[in-house]
Amino acid sequence: MPLRRNVTPWASAALALTALLAAGCAGSAGSTADDGRPAARTSPDTSPDTSAGTPHGYVEGAQEAAGQQSRLLLNDPGTGSGRVLDLITGETHETAPVKGAVRLGTDGRFGYLHTAGGTRVIDGGAWTVDHGDHVHYYSAAVRDVGELPAGARAQVRADATVTAVTDEKGRAALYERTDLERGGIGPARTLPGTYTGAVVPYGEHLLAFADEGGGPELVVLDREGERVAAPGVACEQPRGDAVTRRGVVFGCADGALLVRAADGADGAFTAEPIPYGREVPARERATSFRHRPGSDTLTAVAGGDAVWVLDVAARTWTRVDTGPVVAANTAGEGSPLLVLETDGALHGYDIATGKRTARTRPLLSTGERTDTGERTDTGERTDTGTRTDTGERTGTGAGAAVIEVDRSRAYLNDPEGKRVFEIDYADDLRLARTFDLDIAPVLMAETGR
């Protein structure tokens, strides 16, 4: 069943809330370190906030910084060892051991290590609060939050207020984010019904795909799980999702579906298909999106030797032919497409022309250079470097490398070599730093964004 365009409005309190927050906030200036990274402040922003009676931007137990406080969550599923690598100081912090993790995801602050018996939550201690016209950056202590009763195939999505956990049977539960921020797992509120794919919190609502008999159909739920709108837009075989500044993107069999807030004061939303524009075999469809948070440019592996680039602003797909792909990502408009290929090197491609513009030396240790797993009918890989529909990575062996991208650097994990590479993608993929570790960083995710 192809996508059907049917633009349907519904009220959103989120826009009014965002406007209120932005109106009460003032931008803050900050210094920059020699390597282009922002330096940390030693005290919170002291701009007055008369409505709250506390300094604007103050968060108890956290330190506000002048810029993004990036950290990498790392885990070795074989030994269970975990680390948090502070990309500002270069220091590592030990985390609670989690053995047998098959997947690591993050919502920008918390890391979610999925095991067969549950999902361990680690507070990475770094996060960003976006108020629209400016942002706040925070750092705090790394800590173990606890375990969610959700197994290896559960999907976790979050916004500023709730964390939604959807299990492999399509049942979803909501957790208050304030409980996680305080260091514990609070009670869950189970939503009625079952859904295809992840339930995604967005705009004070929940976006999900309900199976109405004719195939998955987009529905809009309130935070109690009650249906408040059904835009009448179908998405065949929904796989993968990404939240961008222009809305939420869902992968569908014939392209993508963009759900966003419409222009105007009424807070209406629209659901708009972005088709490939041609027939695409099932194994070459975009089923797992990677991007820099805040960017409107998404990447997805297209089979074994190409990468899809979705420009959400332009509503266009571009297929870039590469060598055999292990991982891909991009910082967005004006930046190169970054592709780790099976030769162990990172390659840079011009997205508009498809031409390769740069290449590093082989970076990965010998045992990490190949990705021989076959793609199953669910889009995952059968090797230990499973590629999931959430853009997360699993695995304990070859193919587990992933590319994380922020505003100025890219990061590539080398599990067998026990190290992480920092790449300046704006300078012909220059190797900026190498972080040697005492664990194999098989699973990696960046927080602080």
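Whatever comes next refers back to the structure up there.
Counting of residues starts from 1 at the beginning of each chain's written sequence and follows it residue by residue. Totals for whole chains, interfaces and linings use every residue, but because this is a predicted model, local features are given only for residues with pLDDT of at least 70 and side-chain atom pairs only at 80 or more, for both listing and counting. Here the side-chain values reflect all heavy atoms present in the structure, with hydrogen atoms and water set aside.

Looking at the overall build of the chain
Helical segments are the DSSP runs of H or I of at least four residues, strand segments are the runs of E of at least two, and each set is numbered from the N terminus. Scanning the chain for helices and strands turns up two helices and 34 strands. Within the chain, contacts between residues separated by at least 24 positions form 50% of all contacts whose residues are at least 6 apart in sequence. Carbon and sulfur atoms make up 48% of the accessible area of the chain, which amounts to about 18000 Å² in all. Contacts are residue-level and defined by heavy atoms, with any inter-residue pair within 4.5 Å sufficient. Per-residue and other accessible areas were derived by the Shrake-Rupley procedure at a 1.4 Å probe size, with only the shown protein chains allowed to occlude residues.

A word on the sheet that holds strand β12 (residues 162–166)
At least two DSSP bridges between two strands are required for those strands to pair. One open sheet accounts for four strands, arranged β11-β12-β13-β14; its pairing is antiparallel. Because the sheet does not close on itself, it has two edges, and the strands there are β11 (155–158) and β14 (188–190). On average, each strand axis in the sheet is tilted by 25 degrees relative to the strand beside it, whichever way the strands run. Looking at chain direction, β11 and β12 are connected through four bridges and run antiparallel. Of the residues in β12, the one forming a bridge with Gln 155 is Thr 166. With axes taken as lines fitted to C-alpha atoms, and helix axes fitted only over the stretch in contact, angles between N-to-C directions fall between 0 and 180 degrees.

Concerning the sheet that holds strand β15 (residues 196–202)
With antiparallel pairing, four strands are arranged side by side in an open sheet as β15-β16-β17-β18. Every interior strand has two partners, whereas the edge strands, β15 and β18 (227–229), have only one. Averaged over all neighbouring strand pairs, the angle between strand axes comes to 40 degrees, with direction disregarded. Looking at chain direction, β15 and strand β16 (residues 205–211) are connected through four bridges and run antiparallel. Across the sheet, residue Val 200 finds its bridge partner in β16, namely Leu 207.

Section: the nonpolar core
One broad rule of soluble globular proteins: the nonpolar side chains tend to lie buried together. Counting residues in hydrophobic clusters, the biggest one holds 18 residues, and the most contacted among them are Leu 338, Leu 340 and Ile 403. Residues contacting Leu 338, with those up to four places away along its chain left out, are Ala 327, Ala 328, Asn 329, Leu 346, His 347, Ile 403, Val 405, Ala 410, Tyr 425 and Leu 429. Among buried residues, those of type Ala, Val, Leu, Ile, Met, Phe, Trp, Tyr and Cys that are joined through side-chain atoms within 4.5 Å constitute a nonpolar core. Buried, partly exposed and exposed residues are distinguished by accessible area as a fraction of the type maximum, computed with a 1.4 Å probe on protein chains only: under 20%, between the cut-offs, and over 50%, respectively.

Some remarks on the state of the cysteines
The disulfide definition used here is simple: a pair of cysteine sulfur atoms within 2.5 Å. Counting across every chain of the model gives one disulfide. Here Cys 235 engages in a disulfide with Cys 252; their sulfurs sit 1.9 Å apart. In this structure, the disulfide formed by Cys 235 and Cys 252 twists by about -115 degrees around the S-S bond and is classed as left-handed. Of this pair, Cys 235 sits in the loop between β18 and β19 (241–244) while Cys 252 sits in strand β20 (residues 247–252), and the two are 17 residues apart along the sequence. Accessibility classification places Cys 235 together with Cys 252 in one group, the buried group.

What to know about the pairing of β16
Counting buried residues in β16 gives six out of seven residues, a clear majority hidden from the surface. Taken together, the six bridges between β16 and strand β17 (residues 216–221) define a ladder with antiparallel strand orientation. Counted as the bridge partner of Leu 207 is Val 220 from β17. Between β16 and β17, which follow one another and run antiparallel, lie four residues, and Gly 213 among them has a positive phi close to 100 degrees.

Here's the deal with the environment of Asp 254
Inspection of the secondary structure assignment puts Asp 254 in the loop between β20 and β21 (255–261). Each C-alpha atom of the pair Asp 254 and Pro 281 lies 9.6 Å from the other, and the pair is 27 residues apart in sequence.

Quick notes on the packing of aromatic side chains
Only centres within 6.5 Å qualify two rings of Phe, Tyr or Trp (six-membered ring in Trp) as a pair; their planes then separate them into stacked at under 30 degrees, edge-to-face at over 60, and tilted for everything else. Under the counting rule described, the total for this entry stands at five aromatic pairs. Ring centres of Phe 209 and Phe 250 lie 5.0 Å apart, and the angle between their planes is 90 degrees; on these two criteria the pair is classed as edge-to-face. With Phe 209 in strand β16 and Phe 250 in strand β20, this residue pair connects regions lying 41 residues apart in the sequence. For the pair Phe 209 and Phe 250, a shared accessibility class is recorded, and that class is buried. Seen from their ring centres, Trp 308 and Trp 317 are 5.6 Å apart, and the 75 degrees between their planes marks the pair as edge-to-face. Residue classification places Trp 308 among the buried residues on the basis of a relative accessible area of 2%.

Structural measurements only, silent on function.
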